[in-house]
Amino acid sequence: PFRWEEQVLLVSTADEDVVETLLDDIESGEYVDVGAARVPTEADERSAEVLTEFFLAAERLQRDPLDADGIDHLRRATDVADPDVAPFGVTPKLWQRTCELAEDIVDALVDDEGPDLQGAMESASSLLELLRPHV
């Protein structure tokens, strides 16, 4: 049970912690209502494909940062990824972090002083661990 008093949500004391956590998650971008009445669009499908490309790139580049197929997956994904448009069912915070780690890999590989292979491998490993539960 709950009720609104103007802009204040009132809940029972027993539910207060759960509601507070849920509201914090919504505010931080950690919560996405995948049960909402929304039909996935063609853009959602492309975003999901990009998520898979990032995963495949990370899987290869964590072992060999100069792997041609891994670099190709990374290039295809970064060419179309929009950090502001998360794939359907993926939290904006997770998607932002995915795009950041992908950029870290790119930056490490195209460093002005030569490729930072260790840095690329570490970022790829982090990206792989981040995406593993979602692919």
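Along each chain, residue indices are assigned from 1 in the same order as the chain's sequence is written. Per-residue local features are limited, in this predicted model, to residues with pLDDT of at least 70; the limit for side-chain atom pairs, both in listing and counting, is 80 or more; totals at the level of whole chains, interfaces and linings are taken over all residues. Just so you know, side-chain values use all the structure's heavy atoms and leave hydrogens and water out.

Engineer: Explain the overall build of the protein chain to me, please; I cannot follow it from the model alone.
Structural biologist: Within the protein chain, the secondary structure is distributed over five helices and two strands. A run of H or I in DSSP counts as a helix once it spans at least four residues, and a run of E counts as a strand once it spans at least two, with each numbered from the N terminus. Going from the N terminus to the C terminus, the protein chain shows its helices and strands as β-β-α-α-α-α-α. Working definition: with a 1.4 Å probe on protein chains only, accessible area under 20% of the residue-type maximum means buried, over 50% means exposed, and in between means partly exposed. Within the protein chain, the fraction of its 135 residues that count as buried is 27%. The contacts in the protein chain between residues at least 6 apart in sequence include a share of 58% that link residues at least 24 apart. Carbon and sulfur atoms make up 51% of the accessible area of the protein chain, which totals about 8900 Å². Residues are treated as being in contact if the distance between any of their heavy atoms lies within 4.5 Å. Only the protein chains shown count as cover for residues, and all accessible areas are computed by the Shrake-Rupley method using a 1.4 Å probe.

Engineer: What exactly am I supposed to notice about helix 4 (residues 92–109) here?
Structural biologist: Since the α-helix turns once every 3.6 residues, residues separated by three or four places project in the same direction. With 18 residues, helix 4 extends 26 Å from end C-alpha to end C-alpha; this agrees with the ideal 26 Å at 1.5 Å per step. Listing the buried residues of helix 4 in full gives Leu 94, Trp 95, Thr 98, Cys 99, Leu 101, Ala 102, Ile 105, Ala 108 and Leu 109. For a helix, the expected span equals 1.5 Å multiplied by the number of residues minus one.

Engineer: Just to check I follow, could you spell out the pattern of salt bridges for this structure?
Structural biologist: A side chain with one charge can pair with a side chain of the opposite charge if their charged atoms come near. Salt-bridge detection follows one rule: a side-chain nitrogen of Lys or Arg within 4 Å of a carboxyl oxygen of Asp or Glu. By the definition in use, this model includes nine salt bridges. A salt bridge links Asp 67 to Arg 60; the shortest N-O distance between them is 3.5 Å. Arg 75 is the salt-bridge partner of Asp 72, the closest N and O atoms lying 2.6 Å from each other. Of this pair, Asp 72 and Arg 75 are both found in helix 3 (residues 68–80), three residues apart, which corresponds to roughly one turn of the helix.

Engineer: What's the story with the pairing of strand 2 (residues 8–11) in this structure? I'm lost.
Structural biologist: Two faces belong to every sheet, and in a regular strand the side chains alternate between them. Paired strands, in this sense, are two strands between which DSSP finds at least two bridges. Sheet topology note: the strand 1 (residues 2–5)/strand 2 ladder contains four bridges and is antiparallel. Within strand 2, the residue paired with Trp 4 across the bridge is Leu 9. In this antiparallel pair of consecutive strands, strand 1 and strand 2, the connection spans two residues, and Glu 6 shows a positive phi of 55°.

Engineer: Where do I start with the side chain of Ser 123 in this structure?
Structural biologist: Within the element layout of this structure, Ser 123 appears in helix 5 (residues 117–131). The class of Ser 123 is buried, set by a relative accessible area of 12%.

Engineer: Could you clarify how one ought to interpret the environment of Val 90 in this entry?
Structural biologist: In this fold, Val 90 is placed in the loop between helix 3 and helix 4. According to the relative accessible area criterion, Val 90 is buried, its value standing at 9%. Sequence separation between Val 90 and Ala 48 is 42 residues; the distance between their C-alpha atoms is 9.0 Å.

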